[in-house]
Amino acid sequence: MIPKIDPTSTSSWKLLQTHYKNVQAIHMSHLFEEDPNRFQRFSVQQGHILLDYSKNRVTEETMSLLRSLAEECKVAEGIKAMFAGEPINETENRAVLHTALRNRLGAPVYAGETNVMPAVQDVLTQMKQFSNRVISGEHKGFTGRSVETVVNIGIGGSDLGPHMVVEALRHYANRLDVRFVSNVDATHLVEQCKGMDPETTLFIVASKTFTTQETMTNAHSARAWLVEHLGDEDCISKHMVALSTNRTAVEIFGIDPANMFTFWDWVGGRYSLWSAIGLSIMLAVGPAHFEALLEGAFEEDQRVKADGVESMSGILALLSVWYGNFFGVDTHAVLPYDQYLHRFPAFLQQADMESNGKSVDRNGKRTAYETGSIIWGEPGTNGQHAFYQLIHQGTKLIPCDFVAFSQSLNPVGDHHEKLLANCFAQGMALMQGKDEYTVRKELEAAGKEGAQIKALLPYKIFEGNKPSTTLLIDRLTPHSLGRLIAIYEHKILIEGLLLNVYSFDQWGVELGKDLAKPVLENIQGDSGSDALDSSTMGLIQAMLNFNERTS
Ligand code: F6P
């Protein structure tokens, strides 16, 4: 069991409140002026990843108080409990063992009485054998042709993780065209499947529960499309596989369990890309790269086990609690300066917000403090030309994480130097800002005078003092990507432990799913349900009226 300590009841929390009052007005540029070693003091390099958190509104005292908070909240015990397979997801009575999926030493890991490692190895072997057959063309479709296109049908964790990784590792991709369909909006299926040949298409139905409405609706439509074009129900065994924990539902759907890749209830959906849910990744880049991804994550797991809050994940979590609860910050931008990572913010949105977006603590009480932040972002430099204005000069404080790679996988001209120059310059601009004196001098140099200068001055000043953290990695490889993802996964774990919330359940997604049922009944004319409010009924009626007029 994990400790259940209200962070606000600790003495560190109270000290942090006083400390905040003392440091809130300090400008980071002064901290840099005062301490020529600030970068060395507030950065960590481990292997090929550097975490620079010197451009944050922290002093040595801040970090030491945050570490004490982690101690008082017994974060180390929580980390240990997770790795040990204790049922730390208490509201679902489940262990949280995605780390066992990348346990590359194969040492036993127990969920209850069961050592999960033999089953983990078996599924990995099954995935490798299948992937090798598909990639080599040995696996034949119903008409004897090899697979050319793979479509992963899944949503949430059964889509975001694998999709993000497949995009991130495009540089390492083989001949297979791997696509993703998640939305129940048929447009997604139709547009993603355009130009596909049913004879050479393999659908992966990825769903932990195998009951998710969106996924099952898309899977049924995909099956109908296959049967219609290939003319025989038997084609399913060659063109559809399932990734799930629910063998019965897979069988009922009509997929032979021999074509099923299983995983277990101790793998959370948003932490499942390392499991059978990663089959689309393995198909896209091959087993060796998939295993390198696992190895990268495993390496980070070892660090977090050993270093706890001193790890990169720990530092990110401490900073997040500092901003969220003492500066009153609501949102956090994640800004990858690499086009391959364009799905990374979307992936992190689920990973972080579904995990720590909670308002009831581990004692069943409403939290009197802030929990998970709103995660959002776009790849640099696109974001610079869209929303950075607000980050630089808006009224909100938005900590930013920049993620960049030293080397480009596509070294063309000086693109990469320019990309990195932009990344580093943004962090610098956010931190330094531009003061009145400098703006005035610039306006004078540009030939402006008295009244003109006075009028323009306020618009051209940058307050600065906006926090950012930079993760600089040598090169985007499956291994470094594995580490990067694990760093953020463990950041979420540690932040949840500090905030005394259950990070591994997601009850908040249930109500909307439940209500979709009576709403659908009403839309489909099966009314009689008076449970719907007048606004929802009004919307349904208006929709039906529009459709009547246009039909
Ligand atoms: O969004 C809610 C959720 O339960 C996620 O946690 C999960 O990743 C997603 O739905 C998909 O669930 P499944 O894999 O069971 O289809």
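Note that the structure is a prediction, hence the values are computed from the model and not measured.

Draft legend 1. Broad picture of the overall build of the chain. Secondary structure summary: the chain contains 22 helices and 13 strands in total. At 26 Å, the chain has a C-alpha radius of gyration in line with the 24 Å of a compact globule built from 551 residues. For the chain, the C-alpha atoms occupy an extent of roughly 80 × 60 × 60 Å along the three principal directions. Here the chain holds 551 residues, and the buried ones make up 53% of them.

Draft legend 2. Highlighting the packing of helix α1 (residues 11-23) against helix α14 (residues 312-326). Here α1 crosses α14 at 75°, and the two axes come no closer than 11 Å. Regarding the angle of α1 to α14, the classification is roughly perpendicular. Here α1 contributes Trp13, Leu16, Gln17, His19, Tyr20 and Val23 to the contact with α14, which in turn contributes Val321, Trp322, Asn325 and Phe326. In terms of residue class, the contact of α1 with α14 is made up of seven nonpolar, three polar and no charged.

Draft legend 3. View of the domain arrangement of the chain. By the assigned domains, the chain splits into domain 1 (7-93 + 308-432 + 466-505), domain 2 (116-285) and domain 3 (509-550). The gap between the C-alpha centroids of domain 2 and domain 3 is 32 Å.

Draft legend 4. Highlighting the packing of helix α18 (residues 436-445) against helix α19 (residues 450-460). Put simply, α18 and α19 touch, their axes get as near as 10 Å, and they point 130° apart. Comparing their axes, α19 and α18 come out oblique. Our pair here, α18 against α19, has a crossing hand that is right-handed. Contacts from Glu436, Val439, Arg440, Leu443 and Glu444 in α18 reach Ile453, Leu456, Leu457 and Lys460 in α19. Each residue belonging to the contact of α18 with α19 can be placed in one class, and the counts come to five nonpolar, no polar and four charged.

The rules behind these values
Residues numbered from 1 in each chain as written. Predicted model: local features only at pLDDT ≥ 70, side-chain atom pairs only at ≥ 80, totals over all residues. Heavy atoms only, no water. Helix = DSSP H or I, 4+ residues; strand = E, 2+ residues; numbered from the N terminus. Rg over C-alpha atoms; globule rule 2.2 N^0.38 Å. Buried < 20%, exposed > 50% of the residue type's maximum accessible area, 1.4 Å probe, protein only. Axes fitted to C-alpha atoms, helices over the stretch in contact; angles between N-to-C directions. Parallel < 35°, antiparallel > 145°, perpendicular 65-115°, else oblique. Contact = heavy atoms within 4.5 Å. Nonpolar A, V, L, I, M, F, W, Y, C, P; charged D, E, K, R; others polar. Domains from an automatic or database assignment. Left-handed = near helix turned anticlockwise from the far one by under 90°.

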